[in-house]
Amino acid sequence: MQPYTHAQNQTANRTDNRALSVSELNRQVKSLLESSFLTIHVEGELSNVVKASSGHWYFTLKDRDAQVRCAMFRNRNQYLKYQAKNGDKVVVRAKVSLYPGRGDYQLICDYMEESGVGSLQQAYEALKFKLQQQGLFDPAFKKPVPTHPKHLGVITSPTGAAVHDILTVLKRRFPSLPVTLFPTAVQGSEAAAQIANAIRLANEDGRCDVLIVGRGGGSLEDLWPFNEEIVAHSIFHSEIPIISAVGHETDVSIADFVADMRAATPSAAAELISPDQQQILLRLQQLQQRLLRAWQRNHQQRQQQLQWTRSRLRHPGDKLREQAQKLDDLELRMQRAVRHHIERQKQTFKQLQQRYQRCSPMPRIAAGQQRKDELEHRLFTLIQTHLKQSNLKLSGLAATLNSVSPLATLDRGYAIVQDEQGKVIQDISQITPESTVETRLSKGRFVSRVTQVIQE
């Protein structure tokens, strides 16, 4: 109670003199808080975690009934192994302080450790696993999102920043795109059912060919309707392609996993489905210029072709006279060609006739016949001469042979004796008693048996 009394006394004294400014009040409250509380440990669930470019962390620590803003500067968080993220249940070591600029009291943390996962985060992970097992996240069921939609449907709060961001982007990029808003709550216990009903109404309406379902950023509790099972099934069963645009870029909801496409923010969703009219106009201008140049080239080509065709057109009489003259010329050329051909054929026939006469076999046959007769006469003469010479030679040889022939010897009374083997017996030793010998005479032969051998 002493700190309170001290503050009362200070205020009373000030009141006697002058009123406190807001800055002075906040400074005194800050001094009072920091001096009244020593270092404390607080347990709660992380929410709205922001990691600034400076390296400082800003977040909310909450439980079921209350919440408190917290800050953890870079010179403290850089030594932590744990990285803060929404939904985690943590224990922080901190000092109580006040941020003078807003008048909000806060905890300045110098240490943090994870104590468990928060209940919402547990429910989120359980539903995510369940729907994944049911196939609601399967890319095979994703419907293609049209690149040039004809009508856009937006399912969000009519008073939130999301619809304003979407319309701002569309006004800049493609203002001619029709937009139908299906208003619904995006926060609170009734929001999930309203979002699912709005998706059903958009499908029954039938005008839209793409839907954006989402809202701006917030805590995990604020975004929770987009983590409800009823919303996930409505998105999955929608016949119209749906782009989920929930929260900021770091926020990921169940709707993001089920939707046919995820956008980091509602503005990013509008960027994704709206063609840039400046690019379209530029493309149309380029195509218009190309079409104009092509038409001009084609026109010039047609003009040149027309002039060339016109230059070739002539009076039919001129054409007929030219054709008649050409016909006469062709006729004369044909007559000359026929005469020339006939002359060439005559010359060719004469040459062939001469070649035939030179190549005729009759003279060769006559010469051959004469040669044959001469050769026959010479052959007959040679044969006669050869026969005469052969007869003379034969007579001489016969006489010589007759003079040495054993037959002539036999005619003079001699005989030739042969043994049983036909060998001529020249010596008495070749004969044995009782042997058989054959004796040849001049005329005839006889066989005799040797009864006695007499050697002389």
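**Student:** Explain the overall build of the protein chain to me, please; I cannot follow it from the model alone.
**Tutor:** Tallying secondary structure elements over the protein chain gives 13 helices and 13 strands in all. On C-alpha atoms alone, the protein chain measures out to a radius of gyration of 69 Å, which is more than a quarter above the 23 Å that the 2.2 N^0.38 rule sets for 456 residues. Across its three principal axes, the protein chain shows a C-alpha extent of roughly 210 × 115 × 45 Å. Residues counted as buried form 28% of the 456 residues belonging to the protein chain. Counting every atom, the protein chain has about 31800 Å² of accessible surface; 54% of that belongs to carbon and sulfur. Separation between the mean location of the 59 positive side-chain charges and that of the 46 negative ones in the protein chain comes to 15 Å.

**Student:** Please explain the sheet that holds strand β13 (residues 445-449) as it appears in this structure.
**Tutor:** For sheets, the rule is that strands pair by backbone hydrogen bonds, running either parallel or antiparallel. Strands sit in the order β11-β12-β13 across an open sheet of three strands; the sheet is antiparallel. On the outer flanks of this sheet lie β11 (416-418) and β13, each paired with one strand and no other. Across the sheet, the axes of successive neighbouring strands diverge by a mean angle of 25°, strand direction being ignored. Examined bridge by bridge, strand β12 (residues 436-440) and β13 share five bridges and lie antiparallel to one another. Bridge pairing in β13 links T436 to R449.

**Student:** Mind showing me how you'd approach the sheet that holds strand β10 (residues 261-262) here?
**Tutor:** Spatial ordering of the open sheet is given by β7-β6-β8-β9-β10, a layout of five strands whose pairing is parallel. Looking at the sheet topology across the chains shown, the edges are occupied by β7 (179-183) and β10. With five bridges joining them, strand β8 (residues 210-215) and strand β9 (residues 242-246) adopt parallel strand pairing. Residue pairing in the sheet places R215 in a bridge with V246 of β9.

Cut-offs and rules
Residues numbered from 1 in each chain as written. Predicted model: local features only at pLDDT ≥ 70, side-chain atom pairs only at ≥ 80, totals over all residues. Heavy atoms only, no water. Helix = DSSP H or I, 4+ residues; strand = E, 2+ residues; numbered from the N terminus. Rg over C-alpha atoms; globule rule 2.2 N^0.38 Å. Buried < 20%, exposed > 50% of the residue type's maximum accessible area, 1.4 Å probe, protein only. Areas by Shrake-Rupley, 256 points an atom, 1.4 Å probe, with all protein chains shown as cover. Lys, Arg positive; Asp, Glu negative; His and termini not counted. Charge placed at Lys NZ, Arg CZ, Asp CG, Glu CD. Pairing = 2+ DSSP bridges. Axes fitted to C-alpha atoms, helices over the stretch in contact; angles between N-to-C directions.

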